[in-house]
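Summary of the model geometry
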Amino acid sequence: AARNPAYKTTKPDKAAHRIFRLMVLFQMTYPGAPMIYYGDEMGMWGAKDPGCRKPMLWPEMNYQEERYLPSGKKLSESNPVNPKMDLMRYYEKLIRIRNKNQALKKGGIKTIITNDQKSIYGFLRYQEQDSIWVVLNNSDQKQAIQLEGFTDGVYIDLITDKALQARDKKLIFILDPKSGSVISQEADRK
């Protein structure tokens, strides 16, 4: 923050939370062991010491509003402090998806779509008969996604639980801004 005066250490806004959720989705579906720093799952915020060492947020507790930055500078507007239970449920869902699918835990990876102009990235995670497709939209626009090489049939977006229909070896769907899909074949759904 000292070297970058534009760096915000205050409570994240809705746009920042959408970006954060997209990063969590990537972390939980990409190879490697996901790491959760305590409080991330509850929407805690902060920066370098001492702002990164705030007490954990618990749903049964009431907290005073944040009125000062860790530097001692008074905020122009106080920030309510409360756990983001919707974020906690999102983490729980992604962890369940990861734990139920061996391809996400131990599988190989293959890039299936990249589009820098549209800020789209997608990859296939696979192990034996288990396949999971992950597509991320890092843009600020809704994006129509077309993936090829699919067996015709029903697939499921494990994030939204929506059914997707593959036809003529193509799977076509819409991704909201700063969002992603984790797709499995309906017959393989666990």
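Look a little higher up for the structure.
Residues numbered from 1 in each chain as written. Predicted model: local features only at pLDDT ≥ 70, side-chain atom pairs only at ≥ 80, totals over all residues. Heavy atoms only, no water.

If you check helix α2 (residues 85-100), its first and last C-alpha atoms are 22 Å apart, about what 16 residues at 1.5 Å a residue would give, namely 22 Å. Of the positions making up α2, those classed as buried are L87, Y90, Y91, L94, I97 and R98. Around the axis of α2, the buried residues are gathered within 125 degrees of arc, so they sit on the same side. Looking at the packing, one finds that the buried side of α2 touches α1 (14-29), α3 (102-106) and β10 (179-185). (Helix = DSSP H or I, 4+ residues; strand = E, 2+ residues; numbered from the N terminus. Expected span 1.5 Å × (residues − 1). Buried < 20%, exposed > 50% of the residue type's maximum accessible area, 1.4 Å probe, protein only. Arc of directions from axis to C-beta. Contact = heavy atoms within 4.5 Å.)

All told, the structure shown has 1 cavity of 30 Å³ or more when counted by the stated rule. Estimated volume of the largest cavity: approximately 30 Å³. Lining the largest cavity are T9, G46, A47, G51, K54, E66 and P70. Tallied by class, residues from the lining of the largest cavity come to 2 nonpolar, 3 polar and 2 charged. (1 Å grid on protein atoms, 1.4 Å probe; cavity = no way out; pocket = protein on both sides within 12 Å on 5 of 7 lines; lining within 4 Å. Points joined across faces, edges and corners; volume = space filled by probe spheres on them. Nonpolar A, V, L, I, M, F, W, Y, C, P; charged D, E, K, R; others polar.)

Once that is clear, we can look at the packing of aromatic side chains. For the structure on display, the rule yields 9 aromatic pairs. With 5.3 Å between their ring centres and 45 degrees between their planes, Y37 and Y38 make a pair best called tilted. Here the aromatic rings of W133 and Y155 are separated by 5.6 Å at their centres, their planes lie at 85 degrees, and the arrangement is edge-to-face. One end of the pair, W133, is in strand β5 (residues 130-137); the other, Y155, is in strand β7 (residues 153-157), with 22 residues separating them in the sequence. When its relative accessible area of 13% is taken as the criterion, W133 is described as buried. A cation sits over an aromatic face here: R21 above Y90, 3.9 Å from the ring centre. (Phe/Tyr/Trp six-rings, centres within 6.5 Å; stacked < 30°, edge-to-face > 60°. Lys NZ or Arg CZ within 6 Å of the ring centre and 35° of its normal.)

Let us now look at the pairing of strand β8 (residues 162-167). By the bridge criterion, 5 bridges tie β7 to β8 in an arrangement that is antiparallel. For V154, the partnering residue across the bridge sits in β8 and is Q165. By the bridge criterion, 2 bridges tie β8 to strand β9 (residues 170-175) in an arrangement that is antiparallel. Bridge pairing in β9 links A166 to L171. Adjacent in sequence and paired antiparallel, β8 and β9 are bridged by 2 residues, among which D168 carries a positive phi angle near 50 degrees. (Pairing = 2+ DSSP bridges.)

All quantities given are derived from atomic positions and should not be read as evidence of function.
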